[in-house]
Each structure stands twice: as C-alpha cells, then as structure tokens.
Amino acid sequence: MPKTITVGLIGFGTIGTGVVKTLQMNGELITKRLGAEIRLKKIADLDIETDRGVKVDPSILTTNAEEILNDPEIDVIIELMGGYHPAREFILKGIENGKSIVTANKALMAKHGEEIFEAAEAKGVSIGFEASVGGAIPVIRTIKEDFAANEILSIFGIVNGTANYILSKMSDQGEDFQDALKEAQRLGFAEADPTFDIEGHDSAHKIALLATLAFGTRVPIDDVYMEGISKITQDDIHFAKQFGYRIKLLAIAKQCGDSLDIRVHPTMISVDNPISNINGATNAIEILGNAMETSMLVGEGAGSLPTASAVVGDVIEISRNILTGGQNRVPARSFLKENIRTMPIKPMEEIESEYYLRFYVVDRPGVLSKISGILGNNNISIGSVIQKEQKENSGVPLVITTHTAMERNIRNALAEIDKLDIIKKETFYLRLEKEG
Ligand code: HSE
C-alpha cells in the first residue's frame with residue numbers, strides 16, 4: 001500500500017495558493033486521517049516569479065504543465081487554471097496518462113463534462129469537482145452520497161457570491177447597482193469584467209452541474225435560460241420589500257414530469273423563505289427530495305481557502321480510493337453512465353409563475369385600466385397594484401403583481417403594453433417564488 005499520494009498542481013492563482021497553504025497548514029492532520037502523506041511534487045503556472053505569500057521550494061515550480069502530465073509518479077492532478085483551453089486538453093491528457101483529476105473549473109465541466117467523465121470512466125480514474133459549485137459547501141458529495149436515497153425534486157441556489165453581494169448592498173444600504181458593483185470590485189468580490197458573475201453565466205454553469213447529478217440528465221449548457229441583475233433598480237428593491245420579498249439571483253432546477261425546468265434569473269423570494277435571508281457573498285443551496293424534504297446548505301461560495309478546502313477534500317477522497325482500491329465507488333455523475341438520460345428542457349415561455357411587473361407610465365386617467373385590460377386579455381390575473389409618487393421625467397413607477405400566469409402570456413402582454421404611448425420606458429418584470 002503506497003504511503004504517499006503524489007500530487008501535481010496546474011494553476012498557481014488564488015485557489016492554487018490556497019491549496020498550498022491548506023496542505024502546509026493541515027498536512028499532519030490530513031496524514032492522521034488518511035494514513036498517507038499528500039506530497040505536492042510540482043506546481044505549473046506561466047508565472048512562477050510572483051510572490052504569493054506562501055513558501056514553496058522553487059525547484060517544484062515549472063512553467064511547463066507537461067512535466068506534471070507526464071510524470072509517472074504523480075497520482076492526482078489538480079487543475080486550477082480555469083477556462084476551456086488548454087484546461088480541457090490538460091485534463092484529458094492527465095486522464096490518458098492514468099491520473100485522477102481534481103478541478104474547480106465549472107465552466108469547463110458544464111461544457112465538456114461528459115467527455116471528461118467518460119474518459120475518466122474508461123480509464124478507471126476519478127474526477128473530483130466539489131470546488132466547482134459553492135466553494136466550501138459540500139453540495140456535490142451531498143447529492144451523490146447523503147441524498148442518494150431520494151428522488152430529488154428541485155434545487156434552488158444562490159450560487160454566485162458576487163451577485164448576492166451586490167444585491168445585498170442594494171437592499172441593505174440603498175445603493176444603486178453601479179455603485180454596489182464598484183464597491184464589490186474594490187473589495188475584490190467582483191472581477192474587472194464582472195459579466196460572467198452578474199449576467200448569470202457562472203450560476204448557469206453551476207446549476208447545470210447540479211441538475212446532472214440530481215436528475216441524472218445531460219444539460220446542454222447553452223440551453224439554460226439566463227438573466228442577470230444589472231437591470232434591477234432601487235425602485236424594484238423598494239417594492240420587493242413592500243410586498244414582503246427580497247430579490248436574489250436564483251439558479252433553479254426542477255423536475256417537471258419528464259422535462260427539466262432549469263433557469264437562472266433574479267427572483268423575488270418571500271422573506272418567509274430562509275434562502276431570502278442569505279446575504280453578502282455567502283452561497284446557499286436548497287434541495288427538495290421526496291424522502292428528506294427540504295435541506296439547505298449554506299457557506300462560503302468563493303475565496304482562496306474555502307475553495308481550497310473543497311479541492312483538498314477531493315484530493316483526500318481520491319487518495320482514500322487509491323489506497324483502498326475503491327476508485328469510482330461513487331459514480332462521478334451520481335448515476336451510472338447507462339442510466340444518464342437527456343431530459344428535454346422546458347421552454348421558458350411555458351413556465352408558470354407569479355410575476356412582478358414594473359411599469360413607468362404617464363400619470364393620467366385611464367392608464368391603469370388600459371394596462372389591466374391588456375393583462376386580462378392575455379389571461380393574466382392581477383394580485384396587487386402599487387403606484388409611487390411622481391418622478392422627474394421618467395414617469396410614475398406603477399407596479400403590478402400577478403397570480404400564477406404563463407410566461408408566454410406575460411411576454412405577449414408586455415410587448416403590447418410597451419407599444420402604448422402612456423409607457424415611458426421598457427417594462428421590467430421579475431418572477432416570484434413563494435417557497436422552495
Ligand atoms: N465568481 C464566483 C462567485 C465564485 O462570485 O460566486 C467562483 O465560483
């Protein structure tokens with residue numbers, strides 16, 4: 001039985017540095033749990049000059065990832081470089097050379113996961129990707145193992161800390177979207193180009209991965225509906241509070257008969273639902289199973305050490321499997337390969353929800369009746385109406401919430417309403433979730 005598991009790290013950025021720190025900080029403890037030492041033999045990165053604030057023997061640094069991919073001593077490769085290329089090629093080559101892989105790369109796994117999982121299955125090596133969703137939150141292992149007795153019915157997740165930080169700032173401190181974004185960038189929560197986080201791409205990758213594990217289905221990532229948070233205004237935050245809701249960027253996956261309802265969009269969630277109270281950069285994932293009922297996992301979704309905690313946790317699990325000969329005891333995708341299906345994705349136009357509609361209208365008699373008439377003609381029933389005081393030039397905010405309606409009818413009605421001369425700017429709408 002080997003007493004050392006040898007590891008190579010590709011990508012010495014924020015999380016890579018966290019992995020080195022974690023192994024240095026907790027190496028002895030890990031050895032006590034594992035019965036073997038995890039030895040970091042090589043680190044590859046294009047930049048091996050920058051001081052990352054962590055001590056490493058310079059002889060283990062290389063700019064050439066091939067030194068890791070082709071090293072016969074290395075058992076596990078940690079890929080933390082991010083992006084599609086050359087991360088995909090490196091992972092496939094590592095697998096081909098018989099190495100297990102640990103990655104935090106949600107974009108790659110959401111797009112090329114099937115190819116990577118199948119290559120690993122064919123070679124009998126493992127893929128750990130716990131760090132790709134929810135940082136330190138153990139959601140992947142929990143779905144695959146602890147919830148394996150259940151038919152999972154739905155997943156609701158706040159899985160992007162950047163967007164949640166911005167929405168929390170807007171809600172708690174009355175900041176506009178742009179100011180909250182600048183603050184998030186100043187504090188290092190948001191990237192210089194924040195598109196991926198605030199427009200929903202990152203959440204879409206994460207919910208696609210979770211849906212695959214929960215429902216045993218392939219999810220073509222380009223078919224996941226996404227809407228970001230950049231159009232939300234202080235008026236929306238204010239009205240949400242008045243109605244007893246908070247606005248969160250929610251990643252949703254639900255089983256709807258034989259089809260999959262999967263989408264990412266800002267959602268008004270009732271304050272009675274605990275997920276509405278998850279603030280700042282924290283992530284939360286609420287899962288409903290037919291035996292377990294609802295369970296919510298909460299924790300740090302990003303950051304150097306929290307994400308490294310998940311990465312090293314995967315290395316430990318894979319090491320245990322190597323040491324005991326139990327490789328792939330748990331299928332990487334939760335379901336056996338032959339049982340993975342392709343559920344059709346429910347078209348967005350067919351989803352049903354309650355809605356929040358925010359109009360800016362001229363303040364004159366007959367406006368409300370025109371709007372409500374068009375809603376009625378489209379089979380949309382009004383739940384409540386609020387009109388705020390006059391604003392300069394931009395019209396009066398008029399807010400209507402609806403009873404359950406079909407998205408197609410909402411879109412048709414708004415297209416018609418927005419052509420009216422009483423409408424001062426394009427109408428904005430949000431979907432409401434009362435409970436998980
Ligand atoms: N960019 C992500 C977030 C963290 O803001 O939550 C990495 O998945």
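Residues numbered from 1 in each chain as written. Predicted model: local features only at pLDDT ≥ 70, side-chain atom pairs only at ≥ 80, totals over all residues. Heavy atoms only, no water.

### A closer look at the overall build of the protein
Along its length, the protein carries 13 helices and 17 strands. Computed over the C-alpha atoms, the radius of gyration of the protein is 24 Å, within 12% of the 22 Å expected from 2.2 N^0.38 for a compact globule of 436 residues. Over its C-alpha atoms, taken along the principal directions, the protein stretches across nearly 80 × 45 × 35 Å. Partitioning the contacts of the protein with sequence separation of at least 6, the portion at a separation of at least 24 is 74%. If you sum the accessible surface of the protein, you get close to 18,500 Å²; carbon and sulfur atoms cover 49% of it. The averaged location of the 61 negative side-chain charges in the protein is 1 Å from the averaged location of its 46 positive side-chain charges. (Helix = DSSP H or I, 4+ residues; strand = E, 2+ residues; numbered from the N terminus. Rg over C-alpha atoms; globule rule 2.2 N^0.38 Å. Contact = heavy atoms within 4.5 Å. Areas by Shrake-Rupley, 256 points an atom, 1.4 Å probe, with all protein chains shown as cover. Lys, Arg positive; Asp, Glu negative; His and termini not counted. Charge placed at Lys NZ, Arg CZ, Asp CG, Glu CD.)

### Considerations on the nonpolar core
Grouped together as the largest cluster of nonpolar side chains are 78 residues, with contacts concentrated most on Ile127, Val139, Ile143, Ile155, Ile166 and Ile229. Once you skip the residues sitting within four places of it in the chain, Ile229 turns out to touch Ala163, Ile166, Leu167, Phe177, Ile198, Glu199, Leu249 and Pro266. By size, the runner-up hydrophobic cluster in this structure holds 30 residues, among which are Val19, Leu23, Ile38 and Ala104. (Core = buried A, V, L, I, M, F, W, Y, C linked by side-chain atoms within 4.5 Å. Buried < 20%, exposed > 50% of the residue type's maximum accessible area, 1.4 Å probe, protein only.)

### A look at the packing of helix H4 (residues 106-123) against helix H9 (residues 201-215)
Two elements in contact, H4 and H9, have axes whose closest approach is 9 Å; the angle formed by their N-to-C orientations is 55°. In this view, H4 runs oblique relative to H9, as classed from their interaxial angle. Considering how the two elements wind past one another, H4 and H9 form a crossing that is left-handed. Contacts between H4 and H9 involve Lys106, Ala107, Met109 and Ala110 from the first element and Asp202, His205, Lys206 and Leu209 from the second. Its residues assigned to classes, the contact of H4 with H9 shows 4 nonpolar, 1 polar and 3 charged. (Axes fitted to C-alpha atoms, helices over the stretch in contact; angles between N-to-C directions. Parallel < 35°, antiparallel > 145°, perpendicular 65-115°, else oblique. Left-handed = near helix turned anticlockwise from the far one by under 90°. Nonpolar A, V, L, I, M, F, W, Y, C, P; charged D, E, K, R; others polar.)

### Here we look at the site of the ligand
In the vicinity of the ligand, the residues found are Lys106, Asn160, Gly161, Thr162, Asp197, Asp202, Lys206 and Ala302. In this structure, an oxygen atom belonging to the ligand sits 2.6 Å away from a side-chain N or O atom of Lys106. A distance of 3.4 Å is found between an oxygen atom of the ligand and a side-chain nitrogen or oxygen belonging to Asn160. Against a free-state accessible area of 260 Å², the protein chains account for coverage of 81% of the ligand. Those elements that provide at least two residues to the shell around the ligand are helix H6 (161-173) and H9. Of the residues that constitute the shell around the ligand, the class distribution is 1 nonpolar, 3 polar and 4 charged. (Near = heavy atom within 4 Å. Polar contact = N/O pair within 3.5 Å; in protein donor to acceptor, adjacent residues only side chain to side chain.)

### Observations concerning the packing of aromatic side chains
Taken as a whole and assessed by the stated rule, the structure comprises 2 aromatic pairs. Consider the rings of Tyr355 and Tyr429, whose centres lie 6.0 Å apart with planes at 50°: the pair is tilted. Here Tyr429 lies in strand S17 (residues 423-433) and Tyr355 lies in strand S13 (residues 352-361), a separation of 74 residues in the sequence. Using a relative accessible area of 0% as the deciding quantity, one classes Tyr355 as buried. For Tyr429, a relative accessible area of 15% puts it in the buried group. Above the face of the Tyr360 ring, Lys425 is positioned so that its terminal group lies 4.3 Å from the ring centre. (Phe/Tyr/Trp six-rings, centres within 6.5 Å; stacked < 30°, edge-to-face > 60°. Lys NZ or Arg CZ within 6 Å of the ring centre and 35° of its normal.)

### A word on the environment of Gly98
Topologically, Gly98 is positioned in the loop between helix H3 (87-96) and strand S5 (100-103). Put simply, Gly98 and Ile371 are 273 residues apart on the chain and 64 Å apart in space, counted from C-alpha to C-alpha. Sequence-distant contacts of Gly98, defined by excluding residues within four places in its chain, comprise Lys123 and Val125.

### Focus on the sheet that holds strand S4 (residues 76-79)
Taken together, the 6 strands give an open sheet; going across it, the order is S3-S2-S1-S4-S5-S6, and neighbouring strands pair in parallel fashion. The open sheet has two edge strands, strand S3 (61-62) and strand S6 (127-128), and neither has a second partner. Both strand S2 (residues 37-44) and S3 contribute to a ladder of 2 bridges, which runs parallel. The partner of Ala44 across the bridge, within S3, is Thr62. Helix-sheet contacts for helix H1 (residues 14-34) involve strand S1 (4-10), S2 and S4, and the interaxial angle to S2 is about 160°. (Pairing = 2+ DSSP bridges.)

### Points about helix H13 (residues 407-417)
When we look at burial in H13, the residues that qualify are Glu407, Asn409, Ile410, Ala413, Leu414 and Ile417. The arc that holds every buried residue of H13, seen down its axis, measures 160°, which confines them to one face. As for H13, its buried residues are in contact with S13, helix H12 (367-377), strand S15 (396-402), strand S16 (405-406) and S17. (Arc of directions from axis to C-beta.)

### Section: the domain arrangement of the protein
Note: interface size is frequently given as the accessible area lost on complex formation between the parts. Segmenting the protein into domains produces domain 1 (3-135 + 304-337), domain 2 (139-300) and domain 3 (349-433). Using C-alpha coordinates to define each centre, domain 1 is positioned 50 Å away from domain 3. (Domains from an automatic or database assignment.)

### A few points about the pairing of S15
Within S15, 7 of the 7 residues are buried, leaving the element largely enclosed by the surrounding structure. Burial along S15 is two-sided: Val396, Leu398, Ile400 and Thr402 and Pro397, Val399 and Thr401, pointing in opposite directions, are all buried. Across 6 bridges, S13 lies against S15 in antiparallel orientation. Bridging from a neighbouring strand, Val361 pairs with Val396 of S15. In this structure, strand S14 (residues 382-387) lies alongside S15, joined through 5 bridges in antiparallel fashion. Bridge pairing in S15 links Ile386 to Val399.

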